[in-house]
Amino acid sequence: KCFFCSHRVDAGIQPACVQTCPAKARSFGDLHDPGSEVARLIATNSVTVLKQWMATYPSVFYIDIDMDVADPLRGSEFKWREGE
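As the structure is a computational prediction, the values presented were derived from the model and not from experiment.

Procedures and definitions
Residues numbered from 1 in each chain as written. Predicted model: local features only at pLDDT ≥ 70, side-chain atom pairs only at ≥ 80, totals over all residues. Heavy atoms only, no water. Phe/Tyr/Trp six-rings, centres within 6.5 Å; stacked < 30°, edge-to-face > 60°. Helix = DSSP H or I, 4+ residues; strand = E, 2+ residues; numbered from the N terminus. Buried < 20%, exposed > 50% of the residue type's maximum accessible area, 1.4 Å probe, protein only. Lys, Arg positive; Asp, Glu negative; His and termini not counted. Salt bridge = Lys/Arg side-chain N within 4 Å of Asp/Glu carboxyl O. Contact = heavy atoms within 4.5 Å.

1. Some words on the packing of aromatic side chains
Right, so step 1: In the structure shown here, the tally under the stated rule is 1 aromatic pair.
Right, so step 2: Judged by centre distance (5.9 Å) and plane angle (45°), the rings of F4 and F28 are tilted. Residue F4 is found in the segment before α1 (6-10), and its partner F28 is found in the loop between α2 (16-20) and α3 (37-44); the two are separated by 24 residues along the sequence.
Right, so step 3: Note on F28: relative accessible area 27%, which makes it partly exposed.

2. Comments concerning the side chain of R8
Right, so step 1: The topology assignment puts R8 in helix α1.
Right, so step 2: Buried within the structure, R8 lacks any salt-bridge partner; its nearest side chain of opposite charge belongs to D10, at an N-O separation of 11 Å.
Right, so step 3: If we skip the residues at most four places from it in the chain, R8 touches I13, Q14, P15, A16 and Q19.

3. Let's talk about unusual backbone geometry
Right, so step 1: Its identity as a non-glycine residue notwithstanding, F4 has a phi of 55°, on the positive side.
Right, so step 2: With a relative accessible area of 28%, F4 lands in the partly exposed category.
Right, so step 3: Phi is positive for A55, which is not a glycine, with a value near 55°.
Right, so step 4: Along the chain, the position of A55 falls in the loop between β1 (47-48) and β2 (62-63).

Laid out in structure tokens, this is it:
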């Protein structure tokens, strides 16, 4: 499980995945600081948290995610019928 490179964050450095992403597709920051980039992104975009129903209180938010891509097994439940 990802711990957001806590050793880097404690040293004032962004997590490695954020710092090295060439497309700048990841952001990291304080959700409770209304002036932070992540707080602004969440306030101004449609966001989704994966598997929220598991009550693990995830801290990763996805902007405009395609749920068919996020959950490739979605809708593929086995349908058993008599005689098959």
